[in-house]
Amino acid sequence: MTTASAPGGPAAPGTAAPSAPVTAGPAATSAAAAVTGATTAAADATARRGAGPRVRRRGGVAWLGLTPFAAYVLLFLAVPAVIAVGSGFSTGDGAFTFANLAAFADPTVLRAFGASFGLSAVSAVVGAVIGAVVCWALSALRPDGMVRSVIDAAASVLAQFGGVMLAFAFIATIGVQGLVTTWLVSTFGVDLNAGGAFLYTVPGLVLPYVYFQVPLMVLTFMPALEGVKAQWGEAAATLGASRATYWRRIALPVLAPAFWGSLLLLFANAFSSFATAAALISQGGIVPLTIRAQLTSETIIGLQNVAGVLALGMVIVMAVVMGVYSLLQRRAARWQR
């Protein structure tokens, strides 16, 4: 006969008694945590020791891959720039002097810098405004669509289209005997060159400069415009903001650093351009053409190596512009992450 044990009583014969739950004390818990932490730290240290040499080797290979580019920059950019600027501090005999810096007070040099600043500023502003409108229109198209792809490809090509070919295109179009010029005269009686050959003056350079400034603006500003997230507009609309308020309080402040940075890049591009202006203007007028004139014949009496002095001025201007551009790009990059 089997005897059942009463609740709470002794276990029946042949049946294992249930073990009471064991609760670890605070000391045991701390010891276990310490052992686990030590094991994890040791594993991390081993992983770092194992990955360290591979990371360093990978970094060394990356730096080695930059060697050809560094050599190119050194030979074709740094060394010529140092030689050109250094020549402005030497006399005809090669002696060091600061006397050549007096060229910055010459009226011809001042007019050249003023014309370069004016031409660069006007072409940069016009190109930036038109390019920003084009980017805004492109943002409504599919990024992988045919129209967008064609415009992106055209912008990449036209941004580098300059020099003699661009000058010839404008001469054949709006030159003294250009197609558009003769058509306007015969059809409407309007002569673009009534006051002189407009295309062959410094103000006339604005037109060909804008031609390659707009595509450059599209290339530099479009990534920033694509970085504006649609969720920002949806959140603003949810909070009751109008479309105008969204652009004024959110989108435009976010895009402002990228826009001003692109504007500075366009200014630097125009300030340093030479080939298109040289094909249209035979004499000086802007700084690059004045440097050419100084290299072929010294036109400032009493001073030597004025071309090097002008090169120094251009280097200073470009360094300031690109420094400000770098700061704006860093600020704009915060919203593109």
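Residues numbered from 1 in each chain as written. Predicted model: local features only at pLDDT ≥ 70, side-chain atom pairs only at ≥ 80, totals over all residues. Heavy atoms only, no water.

## Comments concerning the side chain of Ser273
Logical step 1: Structurally, Ser273 can be placed in the loop between helix H9 (243-272) and helix H10 (275-280).
Logical step 2: A polar side-chain atom of Ser273 sits 2.6 Å from the main-chain carbonyl oxygen of Asn269. (Helix = DSSP H or I, 4+ residues; strand = E, 2+ residues; numbered from the N terminus. Polar contact = N/O pair within 3.5 Å; in protein donor to acceptor, adjacent residues only side chain to side chain.)

## Some words on the packing of H9 against helix H12 (residues 306-333)
When two helices pack together, you describe them by how their axes are tilted relative to each other and by the distance separating the axes.
Logical step 1: Running from N to C, H9 and H12 cross one another at 160 degrees; their axes reach a closest spacing of 8 Å. In terms of orientation, H9 and H12 fall into the roughly antiparallel class. You can see that H9 and H12 cross each other, and the crossing is left-handed. Residues Pro257, Ala258, Trp260, Gly261, Ser262, Leu264, Leu265, Phe267, Ala268, Phe271 and Ser272 of H9 form the contact with H12, whose participating residues are Met314, Val317, Met318, Val321, Met322, Val324, Tyr325, Leu328, Gln329, Arg331 and Ala332.
Logical step 2: Grouping the amino acids of the contact of H9 with H12 by side-chain chemistry returns 17 nonpolar, four polar and one charged. (Axes fitted to C-alpha atoms, helices over the stretch in contact; angles between N-to-C directions. Parallel < 35°, antiparallel > 145°, perpendicular 65-115°, else oblique. Left-handed = near helix turned anticlockwise from the far one by under 90°. Contact = heavy atoms within 4.5 Å. Nonpolar A, V, L, I, M, F, W, Y, C, P; charged D, E, K, R; others polar.)

## Structural notes on the confidence of the model for the protein chain
Predicted coordinates in regions of low pLDDT should not be interpreted in detail.
Logical step 1: With 80% of its residues at a pLDDT of 70 or more, the protein chain has an overall mean of 80.
Logical step 2: Taken element by element, the protein chain is modelled with least confidence in helix H1 (residues 26-65), mean pLDDT 52, and with most confidence in helix H3 (residues 107-138), mean pLDDT 94.
Logical step 3: For the stretch residues 1-38, pLDDT sits under 50, and the model shows five contacts to residues farther than four places along the chain or on other chains. (pLDDT = per-residue confidence, 0-100.)

## Notes on the environment of Leu101
Logical step 1: On the secondary structure map, Leu101 appears in the loop between helix H2 (67-87) and H3.
Logical step 2: On the basis of relative accessible area, Leu101 is assigned to the partly exposed category, the value being 29%.
Logical step 3: The spacing of Leu101 and Leu303 is 202 residues in sequence and 8.9 Å in space, taken between C-alpha atoms.
Logical step 4: Not counting residues up to four positions away in its chain, the partners in contact with Leu101 are Phe89, Val309 and Leu312. (Buried < 20%, exposed > 50% of the residue type's maximum accessible area, 1.4 Å probe, protein only.)

## Let's talk about the environment of Val287
Logical step 1: With respect to the helices, strands and loops of the structure, Val287 is situated in helix H11 (residues 287-296).
Logical step 2: On the accessibility criterion, Val287 (1% relative accessible area) is buried.
Logical step 3: As a C-alpha pair, Val287 and Ser272 span 15 residues in sequence and 8.6 Å in three-dimensional space.
Logical step 4: The contact partners of Val287, leaving out residues within four places of it in the chain, are Ala112, Phe113, Ser116, Leu310 and Met314.

## As for the packing of helix H5 (residues 164-174) against helix H7 (residues 206-226)
Logical step 1: At their nearest, the axes of H5 and H7 sit 10 Å apart, and the two run at 125 degrees to each other. With respect to their mutual orientation, H5 and H7 come out oblique. Like other packed secondary-structure pairs, H5 and H7 cross with a definite hand, here right-handed. Side by side, H5 and H7 meet where Leu166, Phe170 and Ile174 of the first sit next to Leu207, Pro208, Tyr211 and Phe212 of the second.
Logical step 2: For the contact of H5 with H7, the residue count by class is seven nonpolar, no polar and no charged.

## Brief notes about the layout of surface pockets
Logical step 1: Its boundaries defined by the atoms lining it, the largest pocket holds a volume of some 500 Å³.
Logical step 2: What lines the largest pocket is a set of 15 residues, among which Leu77, Ser272, Met314, Val315 and Met318 lie closest to the centre.
Logical step 3: Listing elements by their share of the lining of the largest pocket, those giving two or more residues are H2, H11 and H12.
Logical step 4: Counting residues per element, the lining of the largest pocket draws most heavily on H2, which supplies six residues.
Logical step 5: For the lining of the largest pocket, a count of residues per class yields 13 nonpolar, one polar and one charged.
Logical step 6: As a volume, the second largest pocket reaches approximately 360 Å³.
Logical step 7: Those elements that provide at least two residues to the lining of the second largest pocket are H7, helix H8 (230-238) and H9.
Logical step 8: When residues in the lining of the second largest pocket are grouped by element, the largest group, four residues, is from H9. (1 Å grid on protein atoms, 1.4 Å probe; cavity = no way out; pocket = protein on both sides within 12 Å on 5 of 7 lines; lining within 4 Å. Points joined across faces, edges and corners; volume = space filled by probe spheres on them.)

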